[in-house]
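Given next are the chains, with one letter for each unit.
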Amino acid sequence: MFLKIHSYESRVIVYMEQLKGLTRRVEAMEKGGLSYTELDFELIKLEIKEMENIILQLKTSLNGSNVIVDTLYQEISNISVMVSQLEVYDNNNVLVIRREIAELQKRLEECQQNNSKPNLPSLPPAHYGTCDHGHIVNISKPYVVQQNLLGASYKSGGWGKDSLLGADQNTFWVAPLSTDIRTMNYIYRYASYNDLLLYKYTASANLIGSNYGQGAGMIMYNNTMYYNCHNSNNLCKSNMKTNVVERLALRDATYNNRFSYSSTPWQDIDLAADEEGLWVIYATEKEGGKIVIGKLVANTLEVKQTWSTSLYKPGVTNAFMVCGVLYATRIYRTKMEEIFYMYDTKTGKEENLSIPIEKMMDTMHSLSYNPNDHKLYMYSEGFLFTYDLTFLPNK
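Residues numbered from 1 in each chain as written. Predicted model: local features only at pLDDT ≥ 70, side-chain atom pairs only at ≥ 80, totals over all residues. Heavy atoms only, no water.

Novice: Could you clarify how one ought to interpret the overall build of the chain in this entry?
Specialist: Broken down by element type, the chain carries five helices and 23 strands. Taken across its 395 residues, the chain has 53% of its residues classed as buried. Only carbon and sulfur atoms are counted for the fraction: they give 50% of the accessible area of the chain, which is about 17100 Å². (Helix = DSSP H or I, 4+ residues; strand = E, 2+ residues; numbered from the N terminus. Buried < 20%, exposed > 50% of the residue type's maximum accessible area, 1.4 Å probe, protein only. Areas by Shrake-Rupley, 256 points an atom, 1.4 Å probe, with all protein chains shown as cover.)

Novice: What is the right way to read the layout of surface pockets from this model?
Specialist: Vacant regions in the atomic arrangement are exposed by a probe of water-molecule size rolled over the atoms. Within this model, the second largest pocket holds a volume of roughly 450 Å³. Of all elements in the fold, only β18 (325-333), β19 (336-344) and β20 (349-358) reach the threshold of two or more residues within the lining of the second largest pocket. By residue number, the principal contributor to the lining of the second largest pocket is β20, which donates three residues. Here the lining of the second largest pocket is built from residues that sort into nine nonpolar, five polar and six charged. (1 Å grid on protein atoms, 1.4 Å probe; cavity = no way out; pocket = protein on both sides within 12 Å on 5 of 7 lines; lining within 4 Å. Points joined across faces, edges and corners; volume = space filled by probe spheres on them. Nonpolar A, V, L, I, M, F, W, Y, C, P; charged D, E, K, R; others polar.)

Novice: Can you help me understand the sheet that holds strand β17 (residues 318-322) in this one?
Specialist: Strands belonging to one sheet form pairs held by backbone hydrogen bonds; the direction of such a pair is parallel or antiparallel. With antiparallel pairing, four strands are arranged side by side in an open sheet as β17-β18-β19-β20. Each edge of the open sheet carries a strand with a single partner, namely β17 and β20. Each strand of the sheet is rotated relative to its neighbour by a mean of 25 degrees, with strand direction disregarded. When β19 meets β20, the two strands line up antiparallel, connected through eight bridges. Residue pairing in the sheet places methionine 342 in a bridge with glutamate 351 of β20. (Pairing = 2+ DSSP bridges. Axes fitted to C-alpha atoms, helices over the stretch in contact; angles between N-to-C directions.)

Novice: Looking at this structure, how should I read the state of the cysteines?
Specialist: Throughout the structure, instances matching the rule amount to two disulfides. The side chain of cysteine 131 participates in a disulfide bridge whose partner is cysteine 323; the two sulfur atoms lie 2.2 Å from each other. Its S-S torsion of approximately -100 degrees makes the covalent link between cysteine 131 and cysteine 323 left-handed. One end of the pair, cysteine 131, is in the loop between α4 (91-116) and β1 (136-139); the other, cysteine 323, is in the loop between β17 and β18, and 192 residues separate them in sequence. The disulfide partner of cysteine 229 is cysteine 236, and the gap between their sulfur atoms is 2.1 Å. Between cysteine 229 and cysteine 236, the S-S dihedral sits near 120 degrees, and the bridge is therefore right-handed. Like cysteine 229, the residue cysteine 236 is buried in the burial classification. (Disulfide = S-S within 2.5 Å.)

Novice: Honestly, the side chain of glutamine 214 in this entry has me stumped. Any pointers?
Specialist: When you line up the elements, glutamine 214 lands in strand β8 (residues 213-214). Looking at glutamine 214, the relative accessible area reads 1%, which means it is buried. At a separation of 2.9 Å, a polar atom in the side chain of glutamine 214 contacts the side chain of arginine 182. Within the local environment of glutamine 214, its side chain forms a polar contact with the side chain of asparagine 256, the two groups lying 2.9 Å apart. Beyond its immediate sequence surroundings of up to four residues, glutamine 214 is in contact with Arg182, Asn228, Cys229, His230, Asn231, Asn256 and Trp266. (Polar contact = N/O pair within 3.5 Å; in protein donor to acceptor, adjacent residues only side chain to side chain. Contact = heavy atoms within 4.5 Å.)

Novice: Quick question: what am I supposed to make of the nonpolar core here?
Specialist: Side chains of a nonpolar character, in soluble globular proteins, are inclined to be buried together. Formed by 24 residues in total, the largest nonpolar core has its most connected members in Ile136, Ile139, Phe320, Val322, Tyr327, Ile339 and Leu376. Looking at this core, the elements with two or more residues in it are β1, β17, β18, β19, β20, β21 (366-370), β22 (375-380) and β23 (383-391). If one sorts the elements of this core by residue count, β23 sits on top with five residues. (Core = buried A, V, L, I, M, F, W, Y, C linked by side-chain atoms within 4.5 Å.)

Novice: It is not clear to me how the sheet that holds strand β6 (residues 186-190) should be interpreted in this structure. Could you clarify?
Specialist: The four strands lie next to each other as β3-β4-β6-β7, forming an open sheet whose pairing is antiparallel. Strands with a single pairing partner mark the edges of an open sheet, and in this sheet they are β3 (157-160) and β7 (203-206). Pairwise comparison of adjacent strand axes, ignoring direction, gives a mean angle of 15 degrees for this sheet. Where β3 lies against strand β4 (residues 172-176), four bridges are found, and the strand directions are antiparallel. In the sheet register, glycine 158 faces β4, and the bridge partner there is alanine 175.

Novice: Looking at this structure, I do not really get the environment of valine 174. What am I missing?
Specialist: In this structure, valine 174 sits in strand β4. Separated by 16 residues in sequence, valine 174 and glycine 158 place their C-alpha atoms 6.1 Å apart. Once you skip the residues sitting within four places of it in the chain, valine 174 turns out to touch Asn148, Gly158, Trp159, Tyr186, Ile187, Tyr188, Tyr190, Leu196, Tyr379 and Leu384.

Novice: How should I be thinking about the pairing of β21 in this particular structure?
Specialist: Each regular strand shows side chains that alternate between the opposite faces of the sheet. Counting buried positions along β21 yields five of five residues, so the element is predominantly enclosed. In sequence, β21 turns back onto β22 through a hairpin of four residues, with histidine 374 there showing a positive phi of about 55 degrees.

Novice: Which parts of the structure should I look at to understand the packing of aromatic side chains?
Specialist: Geometry of an aromatic ring pair is reported as the spacing of the ring centres plus the angle between the planes. For the coordinates displayed, the defined rule picks out 12 aromatic pairs. Seen from their ring centres, tryptophan 279 and tryptophan 307 are 5.7 Å apart, and the 50 degrees between their planes marks the pair as tilted. Residue tryptophan 279 is found in strand β14 (residues 277-283), and its partner tryptophan 307 is found in strand β16 (residues 303-312); the two are separated by 28 residues along the sequence. Its relative accessible area of 12% is what places tryptophan 307 among the buried residues. Three or more aromatic residues joined by ring pairs form one cluster here, namely Trp159, Phe172, Tyr193 and Tyr377. The residue whose ring lies beneath arginine 182 is tryptophan 266, and the NZ or CZ to ring-centre distance is 3.9 Å. Across from the ring centre of tyrosine 261, 3.9 Å away, lies the NZ or CZ of lysine 313, which sits over that ring. (Phe/Tyr/Trp six-rings, centres within 6.5 Å; stacked < 30°, edge-to-face > 60°. Lys NZ or Arg CZ within 6 Å of the ring centre and 35° of its normal.)

Novice: What is the right way to look at unusual backbone geometry in this model?
Specialist: Phi is mostly negative for residues that are not glycine, and the peptide bonds are mostly trans. Positive phi outside glycine occurs at aspartate 252, with the angle close to 70 degrees. Mapping aspartate 252 onto the fold places it in the loop between β12 (245-249) and β13 (270-274). Despite not being glycine, lysine 335 has its phi angle at roughly 60 degrees, a positive value. Relative to the helices and strands, lysine 335 resides in the loop between β18 and β19. Residue class for lysine 335 comes out partly exposed when judged on its relative accessible area of 35%.

These results come straight from atomic positions and should not be treated as a statement about function.
Next comes the structure, spelled out in structure tokens:
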């Protein structure tokens, strides 16, 4: 086993040197800003490095040889060789590699989950779209999907798929905020995952004037984007087919950085969706900046019920809803956050948790949940990430 580990370490060193060489070649070819293909190569390098890290962690957790891990390691080696041989940028080759990397990433995550999960009971897979499970107990490592099409300077925003149960899950949306990390002007839609990788958006919504969005608290629900209207405590909803925008004031909600999340300004009003419908997470002066959870009527934007928590909103980095339960995050250490708090709207019960969330970037600008696939969608410093969730079984 020692010889095998030593061999792994030697090979990883070789791969890292190849990646360094590729980096130098890409930098030498840069003449005036990023182009589409240069960006793809940067993402490829990020993903290969991430997979190499996963393999390193896997090999240290195994007590003997593992055929699956050995095979995956060899496939990663082949990917590295393919990248090194691309002396010229070719869009088709880039797409082939991205597809192979996506498949490898999925298999690596499955392998890692089977070998390095915390000591938990055997957990059956939860049924998508139901709440036949307990609270969140584990979060996978981040999977980097893509950088937003506007580039690295558009650090804040949101992305994901339609969060209505049963909605089309083949299409994706990306809503980068402007460089002031405040204003949402455009919403881009992609007909498939491959189109997302290639920046081939099929439609875009241009929000004008008072219909601008504010902050990264947006969510797509039933082919409609819900968000905080610019410079107000109003809720807006924009129909993606008709581009018609409707709005309604969120009573007592503070706005314009009065009680935003700790690391992301302008997100005083945060929209969320789960198995039970549409929600809004905000704060009021009456509650002294503590988080208030509101259950929304999607068609009218009216709040039909609210719950007041004891959690001070500016002490939280982000929050999301799952099965009527609010989960809140905070910074744990460098490149790590944790879910540290939950509030169950059915029982009114609050509970402290400690579930780590690894980050590849420093700041988590938005975090949302999709009940159709049990994934978290994170927008972080211009990049798009996903996480898989594991739930405890019902008692």
